[in-house]
Amino acid sequence: MSTNSDYHSMWANLGLDLAKHDALLGALGQLYQQTFLAQRDRPAGMAYFDFVMSEVHGLRIKELVDARAAGRKVVGSFCVYVPEELILALDGVSVGLCAGAEFGFDAAEQYLPRTTCALIKSFFGFALEKVCPYLAACDLVVGEATCDGKKKAYETFAGLVGRFHAMDMPQHHSPEGRALLKAEFLKLAGELEEVTGRRLEPARLRAAIATVNARRAALARLARLRAADPAPISGLDALLVNQVAFYDDPVRFTKAVTDMCDELERRVASGEGVAPKGAPRILLSGCPMAVPNWKVPALVEQAGAVIVGEESCVGERGARNLVDATGETVEELIDRLVDRYFQIDCAIYTPNPERLDHVRVMRHDLRADGIIHYALQFCTPYQMEAIGVERQLEAEAVPVLRIETDYGAEDAGQLRTRIEAFIERLRG
Ligand code: BJ8
């Protein structure tokens, strides 16, 4: 990760704690080297994503700072229910703020119970220790009332950021739930208009929908290519691409993914892959994995299996389904946004049978031999659903390994043993 001294004044102007930030970037750089650059047979197209990651707190932050200087607004969020199309239609820049590192947890635990999931503790820790330039660059932060942990944490978090918008969320896939989501999208649109000083216009909203649809279509193409055996790209690299989607300029990102998919198509045609043909194929399902949460995928692939899909918000749950861009008015187009976003099958919904159905479809389409269900400790929604997912799939003779972990390295040895045993089961 670039610690280029040119960026120090930019980071200082954003109010970062330079010593702590340098320590974070140093650790990240080392982890990236060991996890990603040590892999074999990576597609050449990953060079773009390596570059983006090397500049994730550098060049990309400079772009945000420059955008703000040109009058654009930066909007941060933590969840794939926040419709990026509204932000782009108002010439804003959308950035994901979830964090995947165990950093600042002691500080976070001054505000949060110890029994809070690592994802929440991490974004709190990053804010309290002043090491997140994305958060520092935000003109508005949107927090959604999804799980109990997030919605209660945001009550305090709102006081740590400049401007905060709380978005209510339905808990049921019912007509009332849909109406609530639409009302919240309209409210968010009003807030964004106020922050940006612009008015939503149908043509600009249609263009924003097209931009985000193109990115989702590129990610869907990447996802489909992973059905090949041998897999043309590692699960780690595909996860990284999905992670970068939350930070990068969407048009540039789409082009990079499209170019890499062209390369992967050639790989598939020539039978080239990242693991031997017949290597055990794993579908990951569960909580989102934010940068640099690479622990479980690294253990799985180091053990000789290949991850062929992520049923996760940093993966297919977040990227699938396009928005129908037909509509003459802003309200009609917001209805089309609701149509798409209301299909997201996050575990905060109850009941949520769509998610298990989707796991089954992904397993079939991607020809996965087994499922690893991944839940963060203290994440009640996904831990609860994990039990049903395991029972039902095992009853259908689909092997499932249920993992609960956090962002620390302490359980890596124990996890490795369990993952290796699971992979042996798949080979058997
Ligand atoms: S749509 S998965 S991004 S809420 S891991 S904070 S659920 S206790 S992240 Fe999520 Fe939106 Fe749903 Fe997706 Fe809570 Fe669980 Fe922590 Fe979580």
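Residues numbered from 1 in each chain as written. Predicted model: local features only at pLDDT ≥ 70, side-chain atom pairs only at ≥ 80, totals over all residues. Heavy atoms only, no water.

Draft legend 1. Inspection of the site of the ligand at higher detail. What surrounds the ligand is a group of 17 residues, the closest being C117, C147, C313, C346 and C379. Per-class residue counts for the shell around the ligand are 14 nonpolar, one polar and two charged. Each of two domains, domain 1 (5–201) and domain 2 (206–321 + 347–427), supplies a minimum of three residues to the shell around the ligand. (Near = heavy atom within 4 Å. Nonpolar A, V, L, I, M, F, W, Y, C, P; charged D, E, K, R; others polar. Domains from an automatic or database assignment.)

Draft legend 2. Inspection of the pairing of strand β1 (residues 74–77) at higher detail. Burial along β1 is two-sided: the face carrying V74 and G76 and the face carrying V75 and S77 are both buried. Two elements, β1 and strand β2 (residues 93–96), share four bridges in a ladder whose sense is parallel. Note on β2: the bridge partner recorded for S77 is G96. You can see the chain leave β1, run along helix α5 (residues 84–89) and come back into β2, and the turn it takes is right-handed. (Buried < 20%, exposed > 50% of the residue type's maximum accessible area, 1.4 Å probe, protein only. Helix = DSSP H or I, 4+ residues; strand = E, 2+ residues; numbered from the N terminus. Pairing = 2+ DSSP bridges. Right-handed = clockwise from strand over helix to strand, strands pointing away.)

Draft legend 3. Just helix α2 (residues 18–37), in detail. With 20 residues, α2 extends 26 Å from end C-alpha to end C-alpha; this agrees with the ideal 28 Å at 1.5 Å per step. Within α2 the residues assigned to the buried category are H21, L24, L25, L28, G29, Y32, T35 and F36. All buried residues of α2 project into a common sector of 150° when viewed along the axis, lining one side. The outward face of α2, more than 90 degrees from its buried face, is lined by the exposed residues A19, Q30 and Q34. (Expected span 1.5 Å × (residues − 1). Arc of directions from axis to C-beta.)

Draft legend 4. A look at the nonpolar core. In terms of nonpolar packing, the biggest core is built from 136 residues, with F49, F157 and I419 touching the most fellow members. It is helix α11 (residues 202–225) that contributes the most residues to this core, eight residues altogether. Mapping this core onto the domain boundaries places at least three of its residues in each of domain 1 (5–201) and domain 2 (206–321 + 347–427). In this structure, I419 is in contact with V296, L299, V300, A303, L401 and I403, ignoring residues within four places of it in sequence. Core analysis: the second largest hydrophobic core is formed by 17 residues, A231, A275, A279 and L356 among them. (Core = buried A, V, L, I, M, F, W, Y, C linked by side-chain atoms within 4.5 Å. Contact = heavy atoms within 4.5 Å.)

Draft legend 5. Layout of the pattern of salt bridges. Taken as a whole and judged by the stated rule, the model has 44 salt bridges. When the shortest N-O distance is used, the salt bridge between K182 and E331 registers 2.7 Å. Here K182, found in helix α10 (residues 175–196), pairs with E331, found in helix α16 (residues 330–341); they are 149 residues apart in sequence, far enough to count as distant. Classification of K182 as buried rests on a relative accessible area of 15%. Judged by its relative accessible area of 43%, E331 falls in the partly exposed class. What you see here is one network of salt bridges that share partners, running through R178, K182, E331, D335, R336 and D339. (Salt bridge = Lys/Arg side-chain N within 4 Å of Asp/Glu carboxyl O.)

Draft legend 6. Local environment of the packing of helix α14 (residues 295–302) against helix α19 (residues 412–427). Where α14 contacts α19, the axes come no closer than 9 Å and their chain directions differ by 45°. By the angle between their axes, α14 is oblique relative to α19. Seen along the crossing, α14 lies across α19 with a hand that is right-handed. Along the contact surface, α14 presents K295, V296, L299, V300 and Q302, while α19 presents A412, L415, R416, I419 and I423. (Axes fitted to C-alpha atoms, helices over the stretch in contact; angles between N-to-C directions. Parallel < 35°, antiparallel > 145°, perpendicular 65-115°, else oblique. Left-handed = near helix turned anticlockwise from the far one by under 90°.)

Draft legend 7. Quick look at the packing of aromatic side chains. Here the structure, examined in full by the defined rule, presents 20 aromatic pairs. Seen in terms of ring centroids, F36 and W294 are 4.8 Å apart; in terms of plane orientation they differ by 80°. Their pairing is edge-to-face. One end of the pair, F36, is in helix α2; the other, W294, is in the loop between β5 (281–286) and α14, and 258 residues separate them in sequence. Note on accessibility: F36 and W294 belong to one class, buried. With 5.6 Å between their ring centres and 85° between their planes, F185 and Y341 make a pair best called edge-to-face. Residue F185 is found in helix α10, and its partner Y341 is found in helix α16; the two are separated by 156 residues along the sequence. A residue is classified by how much of its surface remains accessible, and F185, at 0% relative accessible area, is buried. (Phe/Tyr/Trp six-rings, centres within 6.5 Å; stacked < 30°, edge-to-face > 60°.)

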